[in-house]
Amino acid sequence: MRNRWGEGERLRGEILAGASRLLSELGGGDGLTIRGVARAVGIAPASIYQHFVDREALLRGLSEHEFGRLREVMRVAEEGAGDAVGRLRAQVHAYCAFAVENPGHYRLMVGHGAVRSGAGSAPVGPLMDVVAGLRVGFERCAEEGRASRVPAERAAVMLFVGAHGRVALLHSNPGETRPEAVGSFVDELVDLLLV
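Just so it is clear, the model here is predicted, and its values are computed rather than measured. (Residues numbered from 1 in each chain as written. Predicted model: local features only at pLDDT ≥ 70, side-chain atom pairs only at ≥ 80, totals over all residues. Heavy atoms only, no water.)

**Q** What am I meant to see in the pattern of salt bridges here?
**A** Two side chains carrying opposite charge are able to pair once their charged atoms lie near each other. Taken as a whole and assessed by the stated rule, the structure comprises eleven salt bridges. Across the salt bridge formed by Arg 140 and Glu 78, the nearest N and O atoms sit 2.1 Å from each other. Placement of Arg 140 in helix 7 (residues 126-143) and of Glu 78 in helix 4 (residues 55-79) is noted, with a sequence separation of 62 residues between them. The exposure class assigned to Glu 78 is buried, which follows from its relative accessible area of 13%. Shared partners join several salt bridges into a network, and the residues in it are Glu 72, Arg 75 and Glu 79. (Salt bridge = Lys/Arg side-chain N within 4 Å of Asp/Glu carboxyl O. Helix = DSSP H or I, 4+ residues; strand = E, 2+ residues; numbered from the N terminus. Buried < 20%, exposed > 50% of the residue type's maximum accessible area, 1.4 Å probe, protein only.)

See the structure below:
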């Protein structure tokens, strides 16, 4: 069904949803094309160019869309947990589950999740927002009497890097059939990082 005049944001959302479905089928962003997304959504390629100037802009938009999904998954998981340690664990479990269940999306997100504005500047972007959320989690743990062994910022980076590395190992090893091993690994890492 065609969008009526002025419903461009709806079409943009349909394009991103179609690209996300296609990304699941392809397993990664390498094969994602403007024409393929247009076919998946049932529109002309020219309609996509009204929202994304080229393939790279579409990939950046799709990465932002997926980070939005990830943020929501992490928020819901955290809200359902009890104390600060449980909330921190829930955040990182949700992050890992999303990454394990959506390998193509995850690779795209990691590739578009952080940028540096100049030499010597700290990276910014949605991946850094994930790390910031984990930092807040460690700060809440300290407020409840479970401080981290290192400053909260460093603990958050260590937890993120450990979780990302464990997920990457799972994705790169076709013989690995136990995604639950990722969860137990990050639980052990949280325990090591907290006093």
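Past the structure itself, the notes keep going.
**Q** Got a minute to help me understand the nonpolar core in this structure?
**A** Among soluble globular proteins, nonpolar side chains are generally buried collectively. Counting residues in hydrophobic clusters, the biggest one holds 35 residues, and the most contacted among them are Leu 70, Tyr 95, Cys 96, Phe 138 and Leu 159. Counting residues per element, the ones that place at least two in this core are helix 4, helix 5 (84-101), helix 6 (103-111), helix 7, helix 8 (152-172) and helix 9 (180-193). Broken down by element, this core gets its largest block of residues, ten residues, from helix 5. Those residues within four positions of Tyr 95 in sequence are excluded, and the remaining contacts are Leu 70, Met 74, Tyr 106, Leu 127, Val 130 and Phe 160. In this structure, Ala 19, Ala 38, Ala 57 and Leu 108 belong to the second largest nonpolar core, which totals 17 residues. (Core = buried A, V, L, I, M, F, W, Y, C linked by side-chain atoms within 4.5 Å. Contact = heavy atoms within 4.5 Å.)

**Q** Looking at this model, I keep getting lost on the environment of Arg 69. Mind explaining?
**A** Structurally, Arg 69 can be placed in helix 4. In this structure, the C-alpha to C-alpha distance between Arg 69 and Asn 102, residues 33 residues apart in sequence, is 11 Å. Once residues lying within four places of it in the same chain are set aside, the contact partners of Arg 69 are Ser 20, Phe 98, Asn 102 and His 105.

**Q** Would you mind showing me how to read the packing of helix 4 against helix 7 here?
**A** Two numbers describe a pair of packed helices, the interaxial angle and the distance between the axes. For the pair helix 4 and helix 7, interaxial distance at closest approach is 10 Å and the crossing angle is 15 degrees. The pairing of helix 4 with helix 7 is recorded here as roughly parallel in orientation. The handedness of the crossing between helix 4 and helix 7 comes out as right-handed. Of the residues in helix 7, those in contact with Phe 67, Leu 70, Arg 71, Met 74 and Glu 78 of helix 4 are Pro 126, Leu 127, Val 130 and Arg 140. When its residues are assigned to classes, the contact of helix 4 with helix 7 shows six nonpolar, no polar and three charged. (Axes fitted to C-alpha atoms, helices over the stretch in contact; angles between N-to-C directions. Parallel < 35°, antiparallel > 145°, perpendicular 65-115°, else oblique. Left-handed = near helix turned anticlockwise from the far one by under 90°. Nonpolar A, V, L, I, M, F, W, Y, C, P; charged D, E, K, R; others polar.)

**Q** I would appreciate a short explanation of the environment of Ala 38 in the present structure.
**A** Along the chain, Ala 38 falls in helix 2 (residues 34-41). Along the primary structure Ala 38 and Val 136 are separated by 98 residues, whereas in three dimensions their C-alpha atoms are 40 Å apart. Contacts of Ala 38, omitting those with residues within four sequence positions, involve Ile 43, Ala 44, Pro 45 and Ile 48.

**Q** Just to check I follow, could you spell out the layout of surface pockets for this structure?
**A** For the second largest pocket, the calculated volume is near 160 Å³. Along its surface, the second largest pocket is lined by Phe 67, Arg 71, Met 74, Arg 75, Glu 78, Gln 91, Pro 126, Asp 129, Val 130 and Gly 133. Contributing elements (two or more residues each) for the lining of the second largest pocket: helix 4 and helix 7. Among the elements that line the lining of the second largest pocket, the one with the most residues is helix 4, at five residues. (1 Å grid on protein atoms, 1.4 Å probe; cavity = no way out; pocket = protein on both sides within 12 Å on 5 of 7 lines; lining within 4 Å. Points joined across faces, edges and corners; volume = space filled by probe spheres on them.)

**Q** Looking at this model, I keep getting lost on the side chain of Gln 91. Mind explaining?
**A** With respect to the helices and strands, the residue Gln 91 is situated in helix 5. In this structure the side chain of Gln 91 is engaged in a polar contact, spanning 3.3 Å, whose partner is the side chain of Glu 78. Leaving out residues up to four positions away in the same chain, Gln 91 has contacts with Met 74, Glu 78, Gly 133, Leu 134 and Arg 140. (Polar contact = N/O pair within 3.5 Å; in protein donor to acceptor, adjacent residues only side chain to side chain.)

**Q** Help me understand the side chain of Ser 20, please; the structure alone is not making it clear to me.
**A** Examined against the element boundaries, Ser 20 turns out to sit in helix 1 (residues 8-26). Owing to a relative accessible area of 9%, Ser 20 belongs among the buried residues under this scheme. Here Ser 20 is in contact with Leu 62, Glu 66, Arg 69 and His 105, once residues within four sequence places are set aside.

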